[in-house]
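Spelled out from the first residue to the last, the chains are:
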Number of protein chains: 8
Amino acid sequence: MSPREILEQYKNGEITLTQALENLPSHGIEEMGFATIDTDREKRTGLPEVIYASGKTAEQVAQIAERMHQKGIDVLATRATPEMYEEVQKLIPGAVYNPLAKTIIYRESKYENDKGYIAVVAAGTSDMPVAEEAVETARFLGNRVESVYDVGVAGIHRLFHKLELIRNARVIIVVAGMEGALSSVIGGLVDKPVLAVPTSVGYGANFEGVSALLGMLTSCASGVSVVNINNGFGAACQASLINKL
Amino acid sequence: MSPREILEQYKNGEITLTQALENLPSHGIEEMGFATIDTDREKRTGLPEVIYASGKTAEQVAQIAERMHQKGIDVLATRATPEMYEEVQKLIPGAVYNPLAKTIIYRESKYENDKGYIAVVAAGTSDMPVAEEAVETARFLGNRVESVYDVGVAGIHRLFHKLELIRNARVIIVVAGMEGALSSVIGGLVDKPVLAVPTSVGYGANFEGVSALLGMLTSCASGVSVVNINNGFGAACQASLINKL
Amino acid sequence: MSPREILEQYKNGEITLTQALENLPSHGIEEMGFATIDTDREKRTGLPEVIYASGKTAEQVAQIAERMHQKGIDVLATRATPEMYEEVQKLIPGAVYNPLAKTIIYRESKYENDKGYIAVVAAGTSDMPVAEEAVETARFLGNRVESVYDVGVAGIHRLFHKLELIRNARVIIVVAGMEGALSSVIGGLVDKPVLAVPTSVGYGANFEGVSALLGMLTSCASGVSVVNINNGFGAACQASLINKL
Amino acid sequence: MSPREILEQYKNGEITLTQALENLPSHGIEEMGFATIDTDREKRTGLPEVIYASGKTAEQVAQIAERMHQKGIDVLATRATPEMYEEVQKLIPGAVYNPLAKTIIYRESKYENDKGYIAVVAAGTSDMPVAEEAVETARFLGNRVESVYDVGVAGIHRLFHKLELIRNARVIIVVAGMEGALSSVIGGLVDKPVLAVPTSVGYGANFEGVSALLGMLTSCASGVSVVNINNGFGAACQASLINKL
Amino acid sequence: MSPREILEQYKNGEITLTQALENLPSHGIEEMGFATIDTDREKRTGLPEVIYASGKTAEQVAQIAERMHQKGIDVLATRATPEMYEEVQKLIPGAVYNPLAKTIIYRESKYENDKGYIAVVAAGTSDMPVAEEAVETARFLGNRVESVYDVGVAGIHRLFHKLELIRNARVIIVVAGMEGALSSVIGGLVDKPVLAVPTSVGYGANFEGVSALLGMLTSCASGVSVVNINNGFGAACQASLINKL
Amino acid sequence: MSPREILEQYKNGEITLTQALENLPSHGIEEMGFATIDTDREKRTGLPEVIYASGKTAEQVAQIAERMHQKGIDVLATRATPEMYEEVQKLIPGAVYNPLAKTIIYRESKYENDKGYIAVVAAGTSDMPVAEEAVETARFLGNRVESVYDVGVAGIHRLFHKLELIRNARVIIVVAGMEGALSSVIGGLVDKPVLAVPTSVGYGANFEGVSALLGMLTSCASGVSVVNINNGFGAACQASLINKL
Amino acid sequence: MSPREILEQYKNGEITLTQALENLPSHGIEEMGFATIDTDREKRTGLPEVIYASGKTAEQVAQIAERMHQKGIDVLATRATPEMYEEVQKLIPGAVYNPLAKTIIYRESKYENDKGYIAVVAAGTSDMPVAEEAVETARFLGNRVESVYDVGVAGIHRLFHKLELIRNARVIIVVAGMEGALSSVIGGLVDKPVLAVPTSVGYGANFEGVSALLGMLTSCASGVSVVNINNGFGAACQASLINKL
Amino acid sequence: MSPREILEQYKNGEITLTQALENLPSHGIEEMGFATIDTDREKRTGLPEVIYASGKTAEQVAQIAERMHQKGIDVLATRATPEMYEEVQKLIPGAVYNPLAKTIIYRESKYENDKGYIAVVAAGTSDMPVAEEAVETARFLGNRVESVYDVGVAGIHRLFHKLELIRNARVIIVVAGMEGALSSVIGGLVDKPVLAVPTSVGYGANFEGVSALLGMLTSCASGVSVVNINNGFGAACQASLINKL
């Protein structure tokens, strides 16, 4: 059947939408057998296709990266190991690795959001890998970023010292482990959306980030929403969407 | 000590910031013994003080509402029972109760955000109480709202049917129980921030909303953040901050 | 735009599938404001739209039932209270209520699957409400059903006594609480698919059905799959799809 | 055997300590069949025997209270219902009931600790029942108490406003639900031991107090220890022992 | 006693069934000391005895495989390491190893089910090891298989693109980690039984597969049942039983 | 087929044991439609069939009790409500109800075990319902019982006072809520098997008995095993089997 | 004070039992600084002091073993590594290591319990390490043991084949992972106490043994009690106490 | 603005406290980019800044240590590896490492608290690393410490033997894994505050310390409060604050 016939039948109610869908030609897909790249994602969602490297082989990561590169899509791989970077670099020499953030990035886009900056605030030095993932991702998506590290609530004057920088951001990403109280305190002091990222920093009753996650979800401050444990990437994606408004 | 002396001592490093803080005069507080109203909250955080009615007596709710009203603060009480409303109404006759949303509202402010609207999308009819809490809160905060109900993924064409209305919003609140898959599907189809509200709709392995919560936190779509289970209020607060950008 | 134009644009890659979707006319939807009936579900999925009554008001249940009835769809409401039934009966006098199964049914379809029967096996008398929900649903979907009750593994000869009846079914639904061991034992004795339904029967370390759920998921027998705790309805749906093969 | 003989045998190693123990005469026990009052507890542990009323009948509570009263022990019953109070009052007319704290108290002791006071700080109005249990218990044990309510971190200046009163205490009890962040913030601002009491105030991911409990256990502030959820009584006991040092 | 005497006594009610059982001669067992092979399993359950290699030594795996091979039973070992394969190969040279699926297979049977095929659909590239275990197992059991990889809901048009292939299967195995939403979406689009396999792909609130497991169990689509986390083998076993109907 | 033919075929390996089983005549079963009484249980397991009343209707309990009574089986129903007792009493006038233990008992058997007694030790007064269920069950099964109540470890001399009575038992049932430490302490002081029964007495981090359950399972004393939370019945059954050795 | 004076004062009520205790001379203790050997344990509890090697250094294990050996106590170390054995062997050449059970044993005692045997029944080959720990411990304690391996319920005739051997034991230890159903099935077929040992054999929803643990705790068979996950040692200890009755 | 102007504006209510805070000059902070040292902590909280080494690189630990040393702050790093110590030693040659406690310490302060000692009591030898962390921290903070090891409740006379030493302390830290019962027993025998430290010593249902944590939180003894699992450091900090009263 031709697309026209499909649509006619659907219009007449002879076939269901589902049946129509499965017969429509497909755009925005790049098939690789073990992977199906969503080349249309940025146009549709405002966020490009990226590579979640965990659980993939170094070869798979490199092949996907190369194919995206060939299709003119900027490359971001998260949770990437040095071994993966080595493979990627063979195919895309200009790719850059941040070993703390565990990101591989190759960016050709010139887009820069000039509306304001995203603040990435981390409670402790041990939260830096997650914070850096957020910083790298946010910059990859064209945002200006200011980072503020080691200002946890046990010494709250450290936070006050940086409050102006934080309050002037358009969106604030708060990265904290242990009890995650920093997001509540900041949420009570700023008039911008706070995106909270619980981390698995801590031990015992931290339960790999659960204490921070629950603390952030039940925050007594109202303008706080939460992403997955250690998900600096996801927080930066949402922050970027917000920062474009 | 006078404020000036305090500041001088702090400036000279003779006292700590903490010691300075505890001696500074206080603004933005209305003390009621059993409650301490934060009259300064809206100026500071962009969101006014509200009454979380659960766990308070009807009398306490009414007294706080009246005091806020006297101070010129618009009143919103969430998780309010009909008994609480009865008490409030005695003191603030114009207050309005939404029994589905369980909100008591008295609003005098004329502020209306004209930048665009917030979409509140609910997966099922049983999710409506939470969705309505979000709708009432968002309107109370001066936002325009469009609501879309009963478009869960088991019949995904119902969602497509409303997709344009959803995509044109500036922020999207997705309310869903059970497996909470709706936020992933919408997150993959729009280029605006999605705030996901898991609900306790379901039974068994839903564990009072845990399945939806975990599903939303681990969503494969990138622009999704999450608030507490059944927290329509919090999602609307965050959405309102975003919608003002 | 007309459907034809939409399709042409999509075909030429000018718009994305998503954009096409949101502009296509819609079939198979019956909008009621608080609910959106999926009238097309049976054609699409082999299972008709049904009403999950929990969390809805009696009025909502009755109105949805009536609208479905008007559209010629057979009515099944699960988790329904006597109050809901009272409301439904006013609008659909022939509807039948099973207080143990908590189902409301009105069926006009004449379809009967003649390929064989579904066996519903329950470990204990206290598991009967869940088993009955499965029996009612399976019959509503046109299947022949044989039920076997109170044959838990603590007295395994009770099971052997009924083994022939169980082995001759085409699909077997096993309903059990406590440790849920019955599904493993039956799974090791039959050559047909076993659908296990954990129930919340038990106390303490049963944790409202968790012990049975985990036991069934980790069953050492290979041909067993599991549905949600107390989900007799879902097991019957799956069994019906299988029984039609 | 006489105590002397027991001891001789033990001394010579002919019997074990355990065998010695079971033959020694007993002091400090008041047997009532369904209960065994530990009349020696205060001398041994610094805290008198008290009645945990939950799960006991009103008659049992009253009978234990009366027997303690007869033995000259001051009476404190926690988690007591009005019905229990009614029964107790029949036997001990002077007993006093605090319906918010759910305590029944009859105290004849004149002991007052004059070393300083215990501060009881509660994050929200809904935390007051737990805070009041702590206040009543601490006073019953002879301590001076200052209470500070509704100073949660969402409006942190409310806390600063009371900081002097809190810092001047010898021990600080912090009562908070939701994310329990108040104990971390106070822990970082004072040089006295902080006893944190998580409450079940909140909903959803609060999980009946778990979020506050985990947050307090993983607090980034160092001088914080924690008692059971809603255990205002236990915090006051610990605070009283500390305040006597 | 001879079997006849046993049966006579049982018939007369002199001994219990249990006593009869323990005295009956045994068929269908192959004893190896550390293992007891169930040589009768395929005749009884439609699924042959297989080796769950995890927790066994390479030597144990090889010895069991060899004994099964000697008894004319086709060999399938799951969760097998390369070391195990090395040992098996020494004894059964024709055995084949799939390092992604971690399966060792030696199959002599000629049986091929010609009723239709099983579709194995995986949400992401990282889910492939589990999907491959399902594919290998289903083929070992004589089924035709079609696999569809990397069609997660974040780019739902990738799924529509393959919908016809999926809808034409007789049984569909859906393999997904993270929130596991794919099974709900597919369950709402097909009229065949869907067997959902949650995977441990993800991090943080995925909790080693729990988020996907709960999401699949609470799916709003009705024709979905679930197996253990990462249990591609079990899904294929049940799919094979269904496909034979 | 006659039993003889079945056996012959089985002996010759023509049919499997399973096939033999399903064709054998059945003894020891009393079918009631909604229930299948295992009349053979005592002979087989040393413990008679009993009625777990929870989740059954009062009528079902009474009918099962009557049928057992007619078959000469002594009646024990656990978790029984006063309404159930009322129904049972109509049919079995001599039945006795213990409202604390929630047991209905009618016993004609004269059997008394004269080997020694079972000690039932409860940590607190609030644990008495569970302890009484154990006492009633153990006596129903023909054992002599000594009970010791309110000897929790917070006043350990209360325990020493009763140590001789406890040490002289043949089996010891320890019933405790909260942290369940009593089983460890007793386990370290006696040379008889200790059966620990965790109870749901407590609040907060007790999590309905979980703290006691985990504490008893991880006891540092070696001779302790555990039954389900609040399962006084099960502990008494196990104790009775042991006491008969 | 002399022991006599202590006792006199205690007798006269001048000091508490606690005060008496702390002044009494001590027997049955062997102090080593980092360890305090309970040399009196066997006399008191019927079970000797043993070494739980996990978390200790090889040197600590060896030193404790040697000291016990010097005091004439037979040596059993559980959870011991080959490195620990190497160290022990240097000091106690005759010690024997079982690498599967991970036990080090040196036994001089001639005691053999002649009342009957303990049956150790394991569901699968992968459960053998735990079963062997039970076997080694039970023999160390002087019991005769019969072991039955790989008789899980997926092939229940394997169990019937061994039923006589199992039924003739005085106590039965059932070791099983996955869903742990074997203990329920055996519990329903024997009239002796069953001690269930859940193992961490399995994956996914097994949650390191939780599924088996919960299944065994909620067993529908009455004469079953449970020990900690993988605790073959503890089961053998209790079995030995029971077997001595 | 000058500090004076800030304060004037705040005094006049023109700016909020928050706005004042963010403009005040800062004391007590030492910025290092990746870390922000709280040099003012000891003055403010009675406890100096310390280094939580886990999750930091060896270089970061060494640099922070050096900077603190330069500022005249005594150095304590917890959870430190030998590699970290090596780096620290290069910069601070006098630093001392305790490999059991995993602490690095360099202390110049002469302060010694002469009010009394802290008792650190550990249930088993395997709990020593946590106990040693408490001992090292308490001494670092200027306290006298007495330690008592391996006195778990399975051999309770070992505890009585040391009771006098324990009772004479001003604060008691109890370190225990498994069921953590030791804190309840000691709590019932002393009249001083008990700080309980659950450890992850144990296996299976210990769940990495959860059983001990819950047991301690739900202790039936009243004067017990709890810190995080394995948090010997935190217990020592609070004990030190208490010991200074």
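Residues numbered from 1 in each chain as written. Chains lettered and ligands numbered in written order. Predicted model: local features only at pLDDT ≥ 70, side-chain atom pairs only at ≥ 80, totals over all residues. Heavy atoms only, no water.

Regarding the overall build of chain A
Helix and strand counts for chain A stand at 11 helices and 11 strands. Taking the principal axes of its C-alpha atoms as reference, chain A extends roughly 70 × 45 × 40 Å. In chain A, buried positions account for 70% of the 245 residues. For chain A, long-range pairs separated by at least 24 residues make up 65% of all intrachain contacts whose partners lie at least 6 apart in sequence. Of the roughly 7600 Å² that chain A leaves accessible, carbon and sulfur atoms contribute 47%. Computing the positive centroid from 22 side-chain charges and the negative centroid from 29, chain A places the two 6 Å apart. (Helix = DSSP H or I, 4+ residues; strand = E, 2+ residues; numbered from the N terminus. Buried < 20%, exposed > 50% of the residue type's maximum accessible area, 1.4 Å probe, protein only. Contact = heavy atoms within 4.5 Å. Areas by Shrake-Rupley, 256 points an atom, 1.4 Å probe, with all protein chains shown as cover. Lys, Arg positive; Asp, Glu negative; His and termini not counted. Charge placed at Lys NZ, Arg CZ, Asp CG, Glu CD.)

So, unusual backbone geometry
Residue and element names in this part refer to chain A. Look at methionine 178: it is not a glycine, yet its phi comes out positive at around 45°. Structurally, the position occupied by methionine 178 is in the loop between strand S9 (171-176) and helix H9 (182-187). A residue is classified by how much of its surface remains accessible, and methionine 178, at 21% relative accessible area, is partly exposed.

Thoughts on the relation of the copies chain C and chain G
Superposition of the two copies of the chain requires a rotation about an axis and a shift along the axis. It takes a turn of 180° to lay chain C on chain G, together with a shift of 0.0 Å along the axis; the resulting RMSD is 0.0 Å. Such values leave the two copies arranged in the relation of a two-fold axis. Closest approach to the rotation axis within chain C is made by the C-alpha atom of C:Ala181, at a distance of 2.6 Å. Interface residue correspondence from chain C to chain G reaches 100%, placing this contact among same-surface, isologous pairings. (Least-squares fit on C-alpha atoms with pLDDT ≥ 70 in both.)

Thoughts on the sheet that holds strand S5 (residues 96-98) of chain H
Residues and elements named next belong to chain H. The four strands are arranged S3-S4-S6-S5 in an open sheet whose pairing can be described as mixed. The sheet is open, and its two borders are formed by strand S3 (51-52) and S5, each paired with just one other strand. Taken together, the three bridges between strand S4 (residues 75-78) and strand S6 (residues 103-106) define a ladder with antiparallel strand orientation. Residue leucine 76 lies in a different strand from S6, and its bridge partner there is isoleucine 105. (Pairing = 2+ DSSP bridges.)

As for the interface of chain C and chain G
Listed per partner, the contact involves 24 residues of chain C and 24 residues of chain G. For the chain C and chain G pair, buried surface summed over both sides reaches about 1800 Å², with 76% attributable to carbon and sulfur atoms. Contact with chain G buries surface across chain C, with C:Glu179, C:Leu214 and C:Thr218 losing the most and accounting together for 30% of the total. Along the contact surface separating chain C from chain G lie zero salt bridges. (Buried area = accessible area lost by both parts, 1.4 Å probe. Salt bridge = Lys/Arg side-chain N within 4 Å of Asp/Glu carboxyl O.)

A short note on the pattern of salt bridges
For the structure on display, the rule yields 97 salt bridges over all chains. Among the ionic pairs, C:Arg41 bridges to C:Asp38, the shortest N-O distance being 3.0 Å. For the pair C:Arg41 and C:Asp38, a shared accessibility class is recorded, and that class is buried. A salt bridge links G:Glu49 to G:Arg41, with the shortest nitrogen-to-oxygen separation between them at 3.1 Å. Note on G:Arg41: relative accessible area 10%, which makes it buried. Salt bridges sharing common partners tie together E:Asp38, E:Asp40, E:Arg41, E:Arg44, E:Glu49, G:Asp150 and G:Arg158.

Focus: the side chain of A:Asn143
Residues and elements named next belong to chain A. Note on placement: asparagine 143 falls in the loop between helix H6 (128-140) and strand S8 (144-149). Its relative accessible area of 3% is what places asparagine 143 among the buried residues. One polar contact links asparagine 143 to serine 240, side chain to side chain, over a distance of 3.0 Å. Every residue in contact with asparagine 143, bar those within four places of it in the chain, is listed here: Asn113, Ile118, Ala138, Ser240 and Asn243. (Polar contact = N/O pair within 3.5 Å; in protein donor to acceptor, adjacent residues only side chain to side chain.)

A few points about the domain arrangement of chain A
All names here are of chain A. Domain boundaries in chain A define domain 1 (32-106) and domain 2 (117-243). Between the C-alpha centres of domain 1 and domain 2 the distance comes to 25 Å. The interface of domain 1 with domain 2 comprises 16 residues on the first partner and 13 residues on the second. Both sides together, the interface formed by domain 1 and domain 2 hides about 1200 Å², and carbon and sulfur atoms give 73% of it. For the domain 1 face of the interface with domain 2, the top three residues by lost area are Leu47, Arg79 and Leu100, together amounting to 38%. The interface formed by domain 1 and domain 2 includes one salt bridge. Here glutamate 133 makes a salt bridge to arginine 79, at a shortest N to O gap of 3.4 Å. (Domains from an automatic or database assignment.)

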